[in-house]
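# Coordinate analysis (summary)
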Amino acid sequence: MNLSEDVTYEILSRLPVTSLIRFKCICRFWYFLIKNPNFISKHLHNLGSKKHFLRLLISRRGNITNKRILSLSENDTFDVFINQDFPPYFNDKFGHVRLIGPCNGIVCLCGYPDNIVLWNPSIRDYKVLPQSHIQRLVGSTVRGTDFGLGFDSKKNDYKVIQILFCLSIDRVIVYQVEIYSLSTNSWRKYDGIVPAKIKYGNTSWSMVYKNENFCWLAQDGENHEVILSFNMSEGIFRNTKLPLNIGTFGEREIRSVWVIVPFNESISLIVYCLKELEKYFDIWVISELGTKSFWTKSQRIGPLSRVERPLGFWKNGEFILENNSGQLVIYDLSNQEVKTLEFYGKRGRLEIVVYKESLISVN
């Protein structure tokens, strides 16, 4: 039976990326169809709401070799993981590489300032970003960096945010924000105001939200804890307040740790006490950013023993954590069972990305 080109188009646009990569070899028509930007957009839209195309991307450092290892699940049951090759640019160059994202199948790999790679592991496509030649604050020293990634829907452009923490001559930390555009392959300086100070140094303090926004945990000018977000299309920062009394467990007010991670189409704020042997995790969610947004306390998970820190949520609400041996575990809330994945690494160096594949090229 011969199918029309329109029917073929519709069928192919609903297939996983791994299948489409193989199908490019079948005939010339399919090859150019699968590389067509309109087809890629259609494919991204069709797969956007389907949870069964989710994968888990894991980054860790080996206990013995200290080598960075990236692994991507082949399916959503975690039966098979395939080790991924780092883009050659990062091979043995950096002590730690952060995973930022994902955004429409694109992940940002960040080393030191000005050492950034955009990477689509689905199609093994990567791009080393050019170094920024924007003049830094005269007499200052760059003491740290944070990054963001997102999609500008108005310009159909992917952008990377590089925030430099510069120590001035007066011994004051000053932010310099630089924005990279994939469409122009260039950097520009952001001249607006950053209304909060980012909590620097923890990978669980930032996340992509609905592709267009990148979020960090931060403190505003009055030392209130907020979510600082940057909208890629609007080109502005804004603050979203955190809920009140989130550090109170029962009648006790204790020192707690806060983490933000994606949860379906919402932002999840996880609050827990780091020093407790048996930990409880309070889960708050918010579906929109801004001053008029409201937080809802979703649930309390626990007590869980021998766990170190939360890393994120899987597609049906399963809770992903690192245990106190540096191993990845998944807690199923429906049956309260803990599944241990055979991933070990240096404690505190585990990172995960709930990844949805795409055909989008960064070149």
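Structure first, text after, so check above.
I will try to describe carefully the structure that is included in this document. (Residues numbered from 1 in each chain as written. Predicted model: local features only at pLDDT ≥ 70, side-chain atom pairs only at ≥ 80, totals over all residues. Heavy atoms only, no water.)

### Considering the sheet that holds strand β10 (residues 173-181)
Taken together, four strands build an open sheet; the order of strands is β8-β9-β10-β11 and the sheet is antiparallel. Each edge of the open sheet carries a strand with a single partner, namely β8 (141-152) and β11 (186-190). For this sheet, the mean inter-axis angle between neighbouring strands, taken without regard to orientation, is 25 degrees. As judged from the eleven bridges shared by β8 and strand β9 (residues 157-167), these two strands associate in the antiparallel manner. Across the sheet, G150 pairs through a bridge with K159, a residue of β9. (Pairing = 2+ DSSP bridges. Helix = DSSP H or I, 4+ residues; strand = E, 2+ residues; numbered from the N terminus. Axes fitted to C-alpha atoms, helices over the stretch in contact; angles between N-to-C directions.)

### Digging into the sheet that holds strand β4 (residues 98-103)
Read from one edge to the other, the open sheet built from four strands follows the order β4-β5-β6-β7, with strand pairing classed as antiparallel. Among the strands making up the open sheet, the edge pair consists of β4 and β7 (125-128). Going from strand to strand, the sheet's axes swing by 20 degrees on average, the running direction of each strand aside. Inspection of the sheet shows strand β5 (residues 106-110) paired to strand β6 (residues 116-120) by four bridges, in the antiparallel sense. Residue pairing in the sheet places V107 in a bridge with W119 of β6.

### Quick word on the packing of aromatic side chains
A ring pair, where both rings are aromatic, is described by two values, the distance of the centres and the angle of the planes. Under the defined criterion, the tally for this structure stands at 17 aromatic pairs. Here Y190 and F230 contribute two aromatic rings whose centre-to-centre distance is 5.7 Å and whose plane-to-plane angle is 90 degrees, an arrangement assigned as edge-to-face. In this pair, Y190 sits in strand β11 while F230 sits in strand β15 (residues 225-231), placing the two residues 40 residues apart along the sequence. Grouping residues by exposure puts Y190 and F230 together as buried. (Phe/Tyr/Trp six-rings, centres within 6.5 Å; stacked < 30°, edge-to-face > 60°. Buried < 20%, exposed > 50% of the residue type's maximum accessible area, 1.4 Å probe, protein only.)

By themselves, these figures tell us nothing about what the structure is for.
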